[in-house]
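The residues making up each chain are set out below.
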Amino acid sequence: MARCRLPLVALAAAWLALPLAACGSSPTSDAGGSPSASRSSSAPGSLRGEILVFAAASLTDAFTTLGKQFQEEHPGTTVTFNFAASSALATQITQGAPADVFASASTTTMDQVVAAKAADRATTFVRNQLQIAVPPANPARIARLADLAEPGVKVVLCQPEVPCGATAVKVFANAGLTVAPVSLEADVKSTLAKVTLGEADAALVYVTDVLAAQGAVTGIEIPAEVNASTSYPIAALSASRNPELAAAFVDHVLSTRGAAVLTAAGFAAP
Amino acid sequence: MTSEAGTTPDGIPRRRVASPRTPWPIAVPAGLAVAFLLVPLAGMLIRAPWGQLSRILAETQAVEALRLSLICATCATVISLILGVPLAWVLARSRARGTRYLRALVTLPLVLPPVVGGVALLLAYGRVGIVGSHLDRWFGLTLPFTTVAVVIAETFVAMPFLIVSVEGALRSGDRGLEEAAATLGSRAFATFRRVTLPQVLPSIAAGSVLCWARALGEFGATITFAGNLPGVTQTMPGAVYRAFETDPPAAVALSLVLLTVSVTVLVLLRDRWLRPGADV
């Protein structure tokens, strides 16, 4: 490319887009202003730069707190999160998404990432169990798990591909119940939202989601003998452009300070 | 590309008028635009799991989702025609103050992010919504999680496409015929039905196709308002999204089905009605 010539009409939009489009070597700029551009690999000992953490939707509140803690402990670092269904995140990572750390809500999804050589090894850091979430008014008068199988009760579950959905399938199998859900949601937070909004009579979500909803839903315990749990593994990803920082964040999650935040959010020790 | 049709008409001095060479500041971005639009589609065709296509489509409830998509999009288009064409007429003909604002408001879903539309629908027609709570109390009707909710969500986002295209035609159409009909004693509704409507038929057809295509691709409002359950509320875009999370080849296979439907629609129309200003 010989030189960059300014467009004839200097529109405001063109002016804004110039640094990206006019002189760029590639016609496809990465959307969202590329937070990774300022990333720098730091010398050992001095943690700097940014990392992008892909985490299960159920970790939203706990990890947001952990991220703030980490940034306070290490000034000059930025931790950005992408919260979604673990299965969706695993697909994004194996398709080449620029993530540095993956925290999944099931070993199955983490195994996919390890099998695709996107991570070396994963460490389980917490476990989580399901609870029945109902609106505070409890319009369908749900008192126990078997009530979800009653006809006319609007039950919303996570779709079976995502960890909370897979765990719900186990719970119903353990209890010998057949439940016909009215919707299978893409992740646990949208499942919870259907109850928060009063559209669904009940949903199976994690204990931690009921706690995080802060009274917007009421939790009903599932008997321990039929309840199922899921393990949360975390791994620094091989493709990370800032491996030191990624490893440091994983260490922070595994530290006693990290464990305290996770316990407060309702997660169980692994 | 130069066209052969550049012969000089009516003895005008030899000057290339019909097809000048495209200047490079136009040709280069235009070429990039073509690549930008077509490369993703090419990528899908190249990476498509052709060998396993029939197996995937048989396994993934694709037929069920496609059937639901086609039925719901068609229902949404029919509702849009019944309600949208009269509204387009009101917007084009009304001299009442505030028509401009009304037009802006009813075409808002054109620019509104669909998921916001879904939230709005939930707050209006959901079980505890401002309208939905009465439906529940008086008739025992709840809309979310039903196929009707899918049709409502699709109509909400797609009807403005029909309204805009029909209203445009009504405004640019020949008012003289309507006035002639009126002087000959035709009543207003008869004039609408027998003079105005036939005039704007091509635009109604074009608007319906756009509306139908938009409804077929609806995702954000549907998954928010209607939920996601195979056979009841899971349309093709929902099935693609779900498949992509666990089985990307299946998502590609499902996308190919939707691509085929879209291409078929385009071929059937042969771009006759889709060019702006090509109607009448």
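Residues numbered from 1 in each chain as written. Chains lettered and ligands numbered in written order. Predicted model: local features only at pLDDT ≥ 70, side-chain atom pairs only at ≥ 80, totals over all residues. Heavy atoms only, no water.

**Some points on the overall build of chain A**
Secondary structure summary: chain A contains nine helices and nine strands in total. Burial analysis of chain A (270 residues in total) assigns 48% to the buried set. Residue pairs in contact within chain A that sit at least 24 positions apart in sequence constitute 78% of those at least 6 positions apart. (Helix = DSSP H or I, 4+ residues; strand = E, 2+ residues; numbered from the N terminus. Buried < 20%, exposed > 50% of the residue type's maximum accessible area, 1.4 Å probe, protein only. Contact = heavy atoms within 4.5 Å.)

**Some points on the state of the cysteines**
As used in these notes, a disulfide is a covalent bond between sulfur atoms, one from each of two cysteines. One pass over the structure, following the stated rule, counts one disulfide over all chains. Covalent S-S linkage joins A:Cys158 and A:Cys164, the inter-sulfur distance amounting to 1.9 Å. Taking the sign of the S-S torsion, about -105° here, the bridge from A:Cys158 to A:Cys164 comes out left-handed. No disulfide involves B:Cys75; its sulfur sits 6.3 Å from the nearest other cysteine sulfur, which is in B:Cys72. Sulfur of B:Cys211: no disulfide; nearest cysteine sulfur belongs to B:Cys75 and is 12 Å away. Owing to a relative accessible area of 0%, B:Cys211 belongs among the buried residues under this scheme. (Disulfide = S-S within 2.5 Å.)

**Observations regarding the pairing of strand E4 (residues 123–134) of chain A**
All names here are of chain A. Summarising the sheet, E4 and strand E9 (residues 229–236) pair through six bridges and their orientation is antiparallel. Across the sheet, the residue bridging to Thr-123 is Ile-234, located in E9. Alignment of E4 against strand E7 (residues 202–206), held across four bridges, turns out to be antiparallel. Within E7, the position partnered with Ile-132 by the bridge is Leu-204. (Pairing = 2+ DSSP bridges.)

**Digging into the packing of helix H2 (residues 60–73) of chain A against helix H9 (residues 256–264) of chain A**
All names here are of chain A. Interaxial distance between H2 and H9 falls to 9 Å at its minimum, and their mutual angle equals 150°. Considering the angle they form, H2 stands roughly antiparallel to H9. Where H2 crosses over H9, the handedness of that crossing is right-handed. Counting all contacts with H2, which are made through Ala-62, Phe-63, Thr-65, Leu-66, Gln-69 and Glu-73, the residues of H9 involved are Arg-257, Gly-258, Val-261 and Leu-262. In the contact of H2 with H9, the residues fall into five nonpolar, three polar and two charged. (Axes fitted to C-alpha atoms, helices over the stretch in contact; angles between N-to-C directions. Parallel < 35°, antiparallel > 145°, perpendicular 65-115°, else oblique. Left-handed = near helix turned anticlockwise from the far one by under 90°. Nonpolar A, V, L, I, M, F, W, Y, C, P; charged D, E, K, R; others polar.)

**Remarks on the domain arrangement of chain B**
A common way to report how large an interface is uses the accessible area buried once the components associate. For chain B, the domain assignment lists domain 1 (1–47) and domain 2 (60–274). Spacing between the C-alpha centres of domain 1 of chain B and domain 2 of chain B amounts to 34 Å. (Domains from an automatic or database assignment.)

**A short note on the interface of chain B and chain A**
At the junction of the two partners, chain B supplies 22 residues and chain A supplies 26 residues. Taken together, both faces of the contact between chain B and chain A bury some 2100 Å²; the carbon and sulfur share is 55%. Contact with chain A buries surface across chain B, with B:Arg127, B:Phe145 and B:Glu245 losing the most and accounting together for 36% of the total. Counting across the chain B and chain A interface gives two salt bridges. When the shortest N-O distance is used, the salt bridge between A:Glu161 and B:Arg242 registers 3.0 Å. Connecting chain B to chain A are 10 residue pairs in polar contact (both at pLDDT 80 or more). When residues of the side of chain B that touches chain A are traced back to their parent elements, those giving at least two are helix H1 (24–47), helix H5 (114–125), helix H11 (220–225) and helix H12 (236–246) of chain B. Counting residues per element, the side of chain B that touches chain A draws most heavily on H12(B), which supplies five residues. Of the residues that constitute the side of chain B that touches chain A, the class distribution is 13 nonpolar, six polar and three charged. (Buried area = accessible area lost by both parts, 1.4 Å probe. Salt bridge = Lys/Arg side-chain N within 4 Å of Asp/Glu carboxyl O. Polar contact = N/O pair within 3.5 Å; in protein donor to acceptor, adjacent residues only side chain to side chain.)

**Here's the deal with unusual backbone geometry**
Here A:Asn138, not a glycine, exhibits a phi torsion of approximately 45°, which is positive. Inspection of the secondary structure assignment puts A:Asn138 in the loop between E4 and strand E5 (155–158). Its identity as a non-glycine residue notwithstanding, B:Phe145 has a phi of 70°, on the positive side. With respect to the element layout, B:Phe145 can be found in the loop between helix H6 (132–139) and helix H7 (147–172). Take B:Phe145: its relative accessible area is 6%, and that puts it in the buried class.

**Some remarks on the side chain of B:Thr99**
All names here are of chain B. Examined against the element boundaries, Thr-99 turns out to sit in helix H4 (residues 99–106). Of the polar contacts made by the side chain of Thr-99, one reaches the side chain of Ser-94; its length is 3.4 Å. Here Thr-99 is in contact with Val-90, Leu-91 and Ser-94, once residues within four sequence places are set aside.

**Here's the deal with the nonpolar core**
Counting 69 residues, the largest nonpolar core has A:Phe63 and A:Leu204 as the members making the most contacts within it. Of the residues that make up this core, three or more belong to each of domain 1 (8–12 + 29–127 + 232–264) and domain 2 (128–229) of chain A. In this structure A:Phe63 touches A:Val53, A:Ala55, A:Phe81, A:Phe83, A:Ala103, A:Phe125, A:Ile234, A:Phe249, A:Val253 and A:Leu262, once residues within four positions along its chain are discounted. Core analysis: the next-biggest nonpolar cluster, separate from the first, contains 42 residues, B:Ala48, B:Val252, B:Leu256 and B:Val265 among them. (Core = buried A, V, L, I, M, F, W, Y, C linked by side-chain atoms within 4.5 Å.)

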